[in-house]
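A look at the structure
What follows is the residue order along each chain.
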Number of protein chains: 2
Amino acid sequence: MKVSVRVIPPDRELKIKTGDNLRTALIESGIPLDSPCGGQGTCLKCKVQLTGVSRKHTELEREKLSRKELDEGWHLACQVKVEEPGEVRLPEVEVSRAKASFGLLGEEISLRPNVRRLRFELSKPSIKDQRADWNRLAEYLEKSAAGRLSAGLSLLRELPTRLREWNFSGQAVVVGNEVVELDPRGSDSDILGVAIDIGTTTLAAALVNLDTGKVVALDAELNPQIVFGADVISRIMYAQDGTAKREKLQRELVKGLNQLLLRLCHSARREKERVFEVTVVGNTTMLHTLLGLEARNIALAPYVGGLNRPLDLPAIELGLQIHPRGKLHIMPSIASFVGADTVAVILATRMHQRRVPRLAIDIGTNGEVMLATGKEVLTASTAAGPAFEGSRIRYGMRAVKGAISSFQATPEVNYSVIGGGAPSGICGSGLIDLVAELYRTGVLDQKGRILRPAEISTPWAEALAPRVRIRDEAREFVIFRDEDREVTLTQQDIRELQLAKGAIRAGVELLMKEAGISADDIQEVLLAGVFGNYINRERAVVLGLIPVFPLEKIHFIGNGAMDGALLALLDMEERDQAEKIAARVHHIELSGRPDFEETFLRCLSLGNK
Amino acid sequence: MKVSVRVIPPDRELKIKTGDNLRTALIESGIPLDSPCGGQGTCLKCKVQLTGVSRKHTELEREKLSRKELDEGWHLACQVKVEEPGEVRLPEVEVSRAKASFGLLGEEISLRPNVRRLRFELSKPSIKDQRADWNRLAEYLEKSAAGRLSAGLSLLRELPTRLREWNFSGQAVVVGNEVVELDPRGSDSDILGVAIDIGTTTLAAALVNLDTGKVVALDAELNPQIVFGADVISRIMYAQDGTAKREKLQRELVKGLNQLLLRLCHSARREKERVFEVTVVGNTTMLHTLLGLEARNIALAPYVGGLNRPLDLPAIELGLQIHPRGKLHIMPSIASFVGADTVAVILATRMHQRRVPRLAIDIGTNGEVMLATGKEVLTASTAAGPAFEGSRIRYGMRAVKGAISSFQATPEVNYSVIGGGAPSGICGSGLIDLVAELYRTGVLDQKGRILRPAEISTPWAEALAPRVRIRDEAREFVIFRDEDREVTLTQQDIRELQLAKGAIRAGVELLMKEAGISADDIQEVLLAGVFGNYINRERAVVLGLIPVFPLEKIHFIGNGAMDGALLALLDMEERDQAEKIAARVHHIELSGRPDFEETFLRCLSLGNK
């Protein structure tokens, strides 16, 4: 005999054979339940709450669960034999957001999202009240919705059956002014949203419960477009050959986003059909490729894209797999090389509101520099290239397991590897550490040249000089070596880093010059970017990536662009702010300046002279 | 050698071999050019204007064309040999609207359509002005558009190429707040709209030049859904079996509309891609089937449809073949049996504005009755059935060639046939004449019974009695007979007409009773409907279709529903009015009244007693 068990989330009705083990039954039904001990009752990860029925706890449960948990009806699914119909609640999976600027600001975030849940209880049709179904519903909802509501054909087609099934009461999910879904009365199905940051190299996304404002899952993924070129210019070059290639870029990106969405929902045990809105930030080129817009003019002087305004469109138009009537909000960009990601960083850091000079740098494949002068915000984009994200670096990789993420010469070679074990490559923060340390210890000269062992004259020479060797007629520094593999830093790697660092630093210098502000005037320096939190501030100064600032003025804000996208997802007021930022920020086109070339060349040198 | 000839309308570039005859070349290129004489130079129908070049006129042209035509460069295409590149203008095809209420009202109609043409001349991008293409265009257009403009992805994808091709100036076609098309500067391509009236039996449509407000083509077509049932109830019954049948009804209707659109455009030599908006009226059930909405609840007490509000949607969502980004505006309905067609009649007749009592009847497959009391407008719907449109009548047909459209007994049988010749059937106005005349001459009694020849005792008996005969055990009246065919009026036909007449008359009586108004109070009676203009007013009174009114108070207004749809196409203010009408009109549900049955039965009798 089978009994009916309702599982929340995702609010699914399962038919389970009586006598079956609950943990096994859940897993077999595709409910992801993390239980590494395999049902031994030792890992305590399969906790579930049985509501509606009171079940005796097993001896093991009484031993392992707290008094409170026992009182609230929590069990270990692996210890429960299914006997009668009932309701099983899985614990909320909650991700604490690493070091989000939310925390940094210590602000209370308002929850005024574009997606709203409106309950309704309609009077029933009669000969005296013959209003059509949609008229009846819309008139009711408009009392609390402020403004005229609309509905698409597919919802209107469902409406008559739903209303009668539910006796004319239920809940409407409204996105903007459109009713996109109807739920029965009393349903506690989630209302979800997703914030996405489309980087040239990395896609990042956060799944948010829009009833509570809580982030319930965070994840990242390589941008699948990377096979068509590591930086925006090479993507633009690839796509300019015609519509087919533009469509291919778009398709690959959407495929990647759908994978990411699916994984987010899976890990948080949510259904993707409950995602009603997605806010999207990214650099201007990425947003163009997402929308299938021609990006060629971005790369040609005077660098004019197709669209910098915000755009709202049905997710289905791009093939994004959320609720079939769900919406997409593309945030506004400032200029061809200062995209919605920068707007989002400014929004999240409140740079546009504070009245003291502040500097922010968003380090990704492009490096965007923002300088708040106290009166206005200046921005510049720098073609930093993908070195910080591991591209074009011989042993470069993203900040995942196996990556060297920090490095110190004591003079012994000392480094930490993400996840432990032998290193398999170097991520952005490791690269900065390596070059900064090798420069400090005299293995590199100011021009970034790896010296011949004989040339190294510092106290660290004895320990470090033997690691310099020649391969393919170029010098390299050996970091790690065993029988199977090695990890080295090549002269070419250092050149790549210098180009990136030089570009960003030149941007900082030129913005300060434009604003008539010196490094001493700046009250706060914010470093954003997916790997921002791992950078060693001191080394960034040693390297010359940023001017000499007191370390306590330098703060890491993680992926500020994602924070901005989240703010716009949670609060319509923030979305309005974003548009004002995009319209008001003063963008400085560096390539148009006569002093750019000279500044850039000067900034290629290592150090802060 | 081929030369390039621009033909306007439809503004197409043709390549024509030099030496070719212009008329032949145009016809072969698919430009419809009516020339019944086959190029003899006698019918004068192939007049074209050659602009840009001055061409000598042939002797024949000098003889046939007026001084003014010769001066303006008009030629007969059949007399022109193509010699050099140039421009050929075809004459405007203009349809004079039969007896539209526009004329009746003698009002000046304002031209404030939802479709607008906005010219633009943008500043070119530079390092000092890096606004993205869409930002640049939208900011320019918004200066004259009042309000924020949007654009769909497909237009945004075309934008960069178009702007650069045209050196940043051109024209935008805007529907509502969306830019839907871009034309080059100086293009005089038409901006077209279509008004559609979806009747249960007949689809009617008008093609309008939205720059001038002129109707350039009018046409009608049978509703292809007719094979699924003659009236709305049988269509609803057909579709209630499931989605597949609902979709079939919708598909057939859209197919019919597309044929009609194509024919309209062809006859007016316009391209369907230049139609940017369609306004649609129809009864509530037809609008539901058009949208694929469930209509079952329309037929079940308390008769509540899915949607009576107006609805705007992309035409492509229904598969309507106009401009790919063109829009559809479905006008609002009042109740399940008082649809947007009735709203449109009220709008066109200004019944909602005048302060004297007026009665209007829209005679179609359903009969809608409107009574303006001077303070408010009451409406009722009556299940008149399709008798007036020829359905369920043995020799019934629409008012097309071969139909008996009027009838008189002098006592000889006298009738007129549309298009002349022998009759092949009877249309609505003929049916009314027949029954009214046969009643007046005593062939029918008050109950509608065809008397036995021996029972007929009036002075007309000698001429008419021999025409009464028995077939299939029922009596019928023979109108026409030769070796090949005959046309008769059967007892059953008369019953059908009585049901229709009784329903409408009962509606009139009950509305007057509800409002406390007598026939004498009513200052004007308006008869609308596709065949309205052909009804003999006197006979309508004799029959008892309407109460006894002085004939000069009775006016025919033709297809008033179409006029309302046209008003909404031409003037947004009228569209707003329509919504107010739908919200304010007081609908009386006849079936809910205790006095309905008795009134209806009484009204079945012929005559005005």
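Residues numbered from 1 in each chain as written. Chains lettered and ligands numbered in written order. Predicted model: local features only at pLDDT ≥ 70, side-chain atom pairs only at ≥ 80, totals over all residues.

**Re the sheet that holds strand 22 (residues 468-471) of chain A**
Residue and element names in this part refer to chain A. Taken together, the 3 strands give an open sheet; going across it, the order is 22-23-24, and neighbouring strands pair in antiparallel fashion. The sheet is open, and its two borders are formed by strand 22 and strand 24 (486-490), each paired with just one other strand. Sheet twist, expressed as the mean angle between neighbouring strand axes with direction ignored, is 45 degrees. Direction of pairing for strand 22 relative to strand 23 (residues 474-481): antiparallel, over a ladder of 4 bridges. Counted as the bridge partner of Arg 471 is Ala 474 from strand 23. Contacts from helix 14 (residues 491-515) reach strand 23 and strand 24, with the element oriented near 55 degrees to strand 24. (Pairing = 2+ DSSP bridges. Helix = DSSP H or I, 4+ residues; strand = E, 2+ residues; numbered from the N terminus. Axes fitted to C-alpha atoms, helices over the stretch in contact; angles between N-to-C directions. Contact = placed C-beta atoms within 7 Å.)

**Observations regarding helix 7 (residues 232-239) of chain A**
An α-helical turn contains 3.6 residues, so a residue and the one three or four places further along point in the same direction. Turning to helix 7 of chain A, its buried residues number three or more, namely Val 232, Arg 235, Ile 236 and Ala 239 of chain A. Along the long axis of helix 7 of chain A, the arc covered by the buried residues comes to 100 degrees, so they all point the same way. (Buried ≥ 20, exposed ≤ 12 C-beta atoms within 10 Å, placed from the backbone. Arc of directions from axis to C-beta.)

**Some words on the interface of chain A and chain B**
Facing 33 residues of chain A, the contacting portion of chain B comprises 33 residues. For the side of chain A that touches chain B, the element with the most residues is helix 6 (residues 153-165) of chain A, which contributes 5 residues. Among the residues forming the side of chain A that touches chain B, the class breakdown is 17 nonpolar, 10 polar and 6 charged. (Nonpolar A, V, L, I, M, F, W, Y, C, P; charged D, E, K, R; others polar.)

**What to know about the domain arrangement of chain A**
All names here are of chain A. When cut into domains, chain A gives domain 1 (2-89), domain 2 (115-184), domain 3 (192-330), domain 4 (351-386 + 497-603) and domain 5 (389-491). Averaged C-alpha coordinates put domain 3 and domain 4 at centres separated by 23 Å. Each side of the interface is counted separately: domain 3 has 23 residues, and domain 4 has 17 residues. Looking at the side of domain 3 that touches domain 4, the elements with two or more residues in it are strand 10 (192-198), strand 11 (202-209) and strand 13 (275-282). Partitioning the side of domain 3 that touches domain 4 into residue classes produces 10 nonpolar, 10 polar and 3 charged. (Domains from an automatic or database assignment.)

**Observations regarding helix 5 (residues 133-145) of chain A**
Residue and element names in this part refer to chain A. Taking 1.5 Å of rise per residue, the 13 residues of helix 5 would be expected to cover 18 Å, and the 18 Å separating its terminal C-alpha atoms lies within 8% of that figure. Among the residues making up helix 5, those that are buried are Asp 133, Trp 134, Asn 135, Arg 136, Leu 137, Ala 138 and Tyr 140. Tucked into the core, helix 5 has its buried residues touching strand 6 (115-121), strand 7 (150-151) and helix 6. Two residues or fewer past helix 5, Ala 146 is found with a positive phi of approximately 55 degrees. (Expected span 1.5 Å × (residues − 1).)

**Description of the sheet that holds strand 21 (residues 425-426) of chain A**
Residue and element names in this part refer to chain A. Spatial ordering of the open sheet is given by 20-19-21, a layout of 3 strands whose pairing is mixed. Across the chains shown, the open sheet's two edge strands, defined by having one partner strand only, are strand 20 (413-417) and strand 21. Here strand 19 (residues 403-409) pairs with strand 20 via 5 bridges, running antiparallel. Of the residues in strand 20, the one forming a bridge with Phe 407 is Tyr 415.

**Here we look at the relation of the copies chain A and chain B**
Its rotation angle being 180 degrees, the transformation that places chain A on chain B also includes 0.0 Å of axial translation and leaves an RMSD of 0.2 Å. Both chain copies can therefore be described as sitting about a two-fold axis. (Least-squares fit on C-alpha atoms with pLDDT ≥ 70 in both.)

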